[in-house]
Amino acid sequence: CPACVESSARGIQHRKCQDMVQVGRIWIDIQELNKGDKYVLVSFYKLDNDERASYAVPIANKTQEAVEDGIRELLLCIEYLMKLPIVSRIHSDLESSIVRAKNMLQHRWIKLTTNQGHDPAGNGPAEFIGGELCRSSRKVMYHITDRITKRRLWPYAMTWSSWTYTFSNPSVSQTGRIR
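These figures come from a predicted structure and were not determined experimentally.

**Some words on the packing of aromatic side chains**
Within this structure, the stated rule accounts for three aromatic pairs. Between the aromatic rings of W27 and F44, the centroid separation amounts to 6.1 Å while the plane-to-plane angle is 50°, which identifies the pairing as tilted. Of this pair, W27 sits in strand 1 (residues 25–32) while F44 sits in strand 2 (residues 39–46), placing them 17 residues apart in sequence. Accessibility assignment for this pair places W27 and F44 in one class, buried. Feature note: the residues Y55, W163 and F167 constitute an aromatic cluster, connected by ring pairs. Here the basic side chain of R52 rests over the ring of Y165, its NZ or CZ set 4.6 Å away from the ring centre.

**Digging into the environment of S137**
Topologically, S137 is positioned in helix 5 (residues 124–140). Judged by its relative accessible area of 0%, S137 falls in the buried class. When the C-alpha positions of S137 and S161 are compared, they lie 6.0 Å apart, and in sequence the two are 24 residues distant. When residues no more than four places from it in sequence are discounted, the contact partners of S137 are W154, A157, M158 and S161.

**Notes on the environment of K83**
Turning to its location among the elements, K83 is positioned in the loop between helix 2 (64–81) and strand 4 (89–92). At 3.2 Å, the side chain of K83 and the backbone oxygen of Y80 are in polar contact.

Parameters and conventions
Residues numbered from 1 in each chain as written. Predicted model: local features only at pLDDT ≥ 70, side-chain atom pairs only at ≥ 80, totals over all residues. Heavy atoms only, no water. Phe/Tyr/Trp six-rings, centres within 6.5 Å; stacked < 30°, edge-to-face > 60°. Helix = DSSP H or I, 4+ residues; strand = E, 2+ residues; numbered from the N terminus. Buried < 20%, exposed > 50% of the residue type's maximum accessible area, 1.4 Å probe, protein only. Lys NZ or Arg CZ within 6 Å of the ring centre and 35° of its normal. Contact = heavy atoms within 4.5 Å. Polar contact = N/O pair within 3.5 Å; in protein donor to acceptor, adjacent residues only side chain to side chain.

This is the structure we're talking about:
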């Protein structure tokens, strides 16, 4: 990083600090409407040339089975519907239900990496996309006055917002495929 270059008089930066594209890596996080209410598994996928994709999957709860089903749907969407490169690594914060899905991911040859937990900056892309999708879904449901209806529709508004975020990208062709 630039601070290390200055402080230690190193001639070159660390390898990780140079702008490297990490093809096949997604960042995921679980967003919730209220404590213990509705859950959405959000993901962020970035390619070179500012190509990015996002997908949000409503999940019933934070159990291992629900999270594994959400990850399977997420992988299906990214690899087959969006035609992006095959996912080889998933990065997440230290969410226990995601960590317990490690065996399922290893059977698919996907490496799970986590940060130390309680550090939103450690999973920055997923936290960023979660915030963007929450703002967008609130805008979509602004005209709905019934709170119960808003709570029921929130996961689907998040999914719609993720598709809008992905296909508002100028690199998406007219056919809806990411180049």
